[in-house]
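# Descriptive analysis of the structure
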Amino acid sequence: MAPGEKIKAKIKRNLPVTGPQAPTIKELMRWYCLNTNTHGCRRIVVSRGRLRRLLWIGFTLTAVALIFWQCALLVFSFYTVSVSIKVHFEKLDFPAVTICNINPYKYSAVRHLLADLEQETREALTSLYGFSEIKSRKRREAETWDPAAEGTQPKFLHKFPLLLFDQDEKGKARDFFTGQKRKVSGSIIHKASNVMHVHESKQVVGFQLCPNDSSDCATYTFSSGVNAIQEWYKLHYMNIMAQVPLEKKINMSYSAEELLVTCFFDGVSCDARNFTLFHHPMHGNCYSFNNRKNETTLSTSMGGSEYGLQVILYINEEEYNPFLVSSTGAKVIIHQQNEYPFIEDLGTEIESAMATSIGMHLTESFKLSKPYSQCTEDGSDVPIKNIYNAVYSLQICLHSCFQTKMVEKCGCAQYSQPLPPAANYCNYQQHPNWMYCYYQLHRDFVQEKLGCQSVCREACSFKEWTLTTSLAQWPSEVSEKWLLPVLTWDQGQQINKKLNKTDLAKLLIFYKDLNQRSIVESPANSIEMLLSNFGGQLGLWMSCSVVCVIEIIEVFFIDSLSIIARRQWQKAKEWWSRRQALPCPEAPSSPRGQDNPALDIDDDLPTFTSALHMPPAPGSQVPGTPPPRYNTLRLERAFSNQLTDTQVPDEH
């Protein structure tokens, strides 16, 4: 080491050091309390007396706790939103209206596809309740009865048999087809409601689903035979219709000219050309008015039933499938132009021989996304692929998730939802186990085991229409005498029969008023407001500013950690030095030459100021002037005896 560096090291080692370079945490804290602008910390050090010091410690800690509490409340309030409702009057766009017949396909067109299934369904009814279906004369004439079919082996009841369970006999059930009792193995799942317990029956009806490669069967029971037969029929119906091409299914359903008898919108006449075909697997041909495929979006100028959509629908009850649907009428859903119409989930049923008036109120909602809520803007951040050709919604995400899981686990897609890419609809010719897999997957979906409910999120912005429905008998007994013949004449090219009131339904959809309500979320606090509130709390309790906060961060985190790290480094170096040092058994040699410390003279001599702060060398004595000898200060007489002439005479 150079001589100059040695002097600097000695000075640095011996001079008193304070501030951020303090060697210990205690000295750093003392320096901070003496130099900080936060008065409470300074009073802890400079106060005299133990009581005052303890009081100031208590006051300071209380102020710090209050600051943390108030700042935590401010942070929580930052992530809250305030909701504002605005109501404004303007010309409103009319929503899209999708109308479907409850019966998806004309019975006369699909009868040949469902003949075997309906024959076995009638036999099950006869076996269960002891009666055969009572048909109208026209229905009996329309159906072709094959007597030879009665003796054939049933394929639907054989594949998935309908069973009658007696509560008194556990593990046994009676087969509808053979009438014999059979042992039932596997799990038994009751499909009745868990919320309402209406009736306890000793006998329940169900059916059994078994995978081909396993004996792990699942038996689904229902408290009512009606529900069991309809569910059993629906499964086989979907299996049959999944194999029919789309063009053929469109031709077997109702055309726009058949379904729509008359049309008026905003006081102007309209017809089937104003409606767009939308084919739904479970509802057949549906028709959308004012959807996104139109060139322009229609709007209404005034509120009231005279300025909305008015249509008369031809229901044609005689073409209804008796086992698939049990009600008569149509379904309607009101939605945005770019939304998918979930007619099976959200549709409103319209009764035949009635005039249904639906008044609307428009509400538009805008929610804040992260960090205020978990909503999504357009669904791009949701890890579920949208298989619908429509804008994102929570319902689209849930159905897409279930359909994707269905393809992954069952190898095929469920019939009532759109097809994912490179997938086919399920049928037990190609996928024998799909029904068993579908029921197991649907149970997991309802119990939220598939993870769809946790992944799918609500959209941040959406429109919804609050509907008010009213009914009136239509046509009246007085007007039907002339109204029905006129409508029959108008529909003469489409139908070849005389209309009656049960074949028709009237629908009116309109805005009750043009007041649009907007629900908008806004942050309760902004970043500027949050920082301002932080500053107010710091100034109120600790007379502290942003600079003080930076100082606290520097002292309590940066400097304290550096002191701890420096001490640990010094300990590590000392440990390493002790480990590297080897013990020497020989006697130490006398210093000589350049090893003699007496000859180690610094070339760079210390200055006067630095030398004053240097400690004295160990064992050395400071030279100084010896104390005077006080006996030398005594005056000696030059003569031993006083001369006579100089003596002073005595005074008397």
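Each residue is numbered by its place in its chain's sequence as written, counting from 1. Whole-chain, interface and lining totals are the exception, using all residues; otherwise, since this is a predicted model, local features are given only for residues with pLDDT of at least 70 and side-chain atom pairs are given and counted only at 80 or more. Where side-chain values are given, they derive from all heavy atoms of the structure, hydrogens and water being excluded.

Going by what an unreviewed UniProt entry lists, the chain is known as Epithelial sodium channel subunit gamma and is assigned to Carlito syrichta. UniProt positions are given in the numbering used here, feature names are shortened, and annotations may be inferred rather than shown by experiment. According to the UniProt record, the Sequence similarities (unreviewed entry) comment for the chain reads "Belongs to the amiloride-sensitive sodium channel (TC 1.A.6) family. SCNN1G subfamily." The UniProt entry for the chain carries the following text under Catalytic activity (unreviewed entry): "Na(+)(in) = Na(+)(out)".

## Some remarks on the side chain of Glu-319
Numbered from the N terminus, helices here are DSSP runs of H or I no shorter than four residues, and strands are runs of E no shorter than two. Note on placement: Glu-319 falls in the loop between strand E15 (309–314) and strand E16 (329–335). One buried charged side chain, Glu-319, makes no salt bridge at all; its nearest oppositely charged neighbour is Lys-106, positioned 6.6 Å away. Within the structure, the side chain of Glu-319 is placed 2.9 Å from the backbone nitrogen of Ser-108, a separation counted as a polar contact. Whether two residues are in contact is decided by their heavy atoms, any of which lying within 4.5 Å being enough. If we skip the residues at most four places from it in the chain, Glu-319 touches Asn-103, Tyr-105, Lys-106, Tyr-107, Ser-108 and Tyr-254. Each residue's exposure class comes from its accessible area (1.4 Å probe, protein chains only) as a fraction of the maximum for that residue type: buried when under 20%, exposed when over 50%, partly exposed otherwise. Charge counting treats Lys and Arg as positive and Asp and Glu as negative, with His and both chain ends excluded. Think of a salt bridge as a Lys or Arg side-chain nitrogen and an Asp or Glu carboxyl oxygen that are within 4 Å of each other. Polar contact is defined as a pair of N or O atoms within 3.5 Å, subject to the rule that within protein one atom must be able to donate a hydrogen and the other to accept it, and that residues adjacent in sequence are counted only when both atoms are side-chain atoms.

## Considerations on the packing of helix H8 (residues 225–241) against helix H13 (residues 434–446)
Following both chains from N to C, one finds H8 and H13 inclined at 120°, their axes separated by 12 Å at the closest point. As the angle between them shows, H8 and H13 are arranged oblique. The crossing of H8 and H13 is right-handed. Side by side, H8 and H13 meet where Glu-231, Leu-235, His-236, Met-238 and Asn-239 of the first sit next to Trp-434, Met-435 and Tyr-439 of the second. Looking at side-chain class alone, the contact of H8 with H13 contains five nonpolar, two polar and one charged residues. Helix axes use the C-alpha atoms of the stretch in contact, all axes being lines fitted to C-alpha atoms, and the angles between their N-to-C directions lie in the range 0 to 180 degrees. Angle categories are assigned with fixed cut-offs, so that under 35 degrees is roughly parallel, over 145 is roughly antiparallel, 65 to 115 is roughly perpendicular, and the rest are oblique. By definition, turning the near helix anticlockwise from the far helix through less than a right angle yields a left-handed crossing, and turning it clockwise yields a right-handed one. Each residue receives one of three labels: charged for Asp, Glu, Lys and Arg, nonpolar for Ala, Val, Leu, Ile, Met, Phe, Trp, Tyr, Cys and Pro, and polar for the others, Gly being one of them.

## Focus on the sheet that holds strand E3 (residues 96–101)
Sheet architecture is open: five strands sit in the order E12-E13-E3-E16-E17, paired in antiparallel fashion. Each of the sheet's edge strands pairs with one partner strand only, and the pair in question is strand E12 (275–280) and strand E17 (348–351). Taken pair by pair, the neighbouring strands of this sheet meet at an average axis angle of 30°, ignoring direction. In this structure, E3 lies alongside strand E13 (residues 284–289), joined through four bridges in antiparallel fashion. Within the sheet, the bridge partner assigned to Thr-98 lies in E13 and is Ser-288. A pair of strands counts as paired when DSSP detects no fewer than two bridges linking them.

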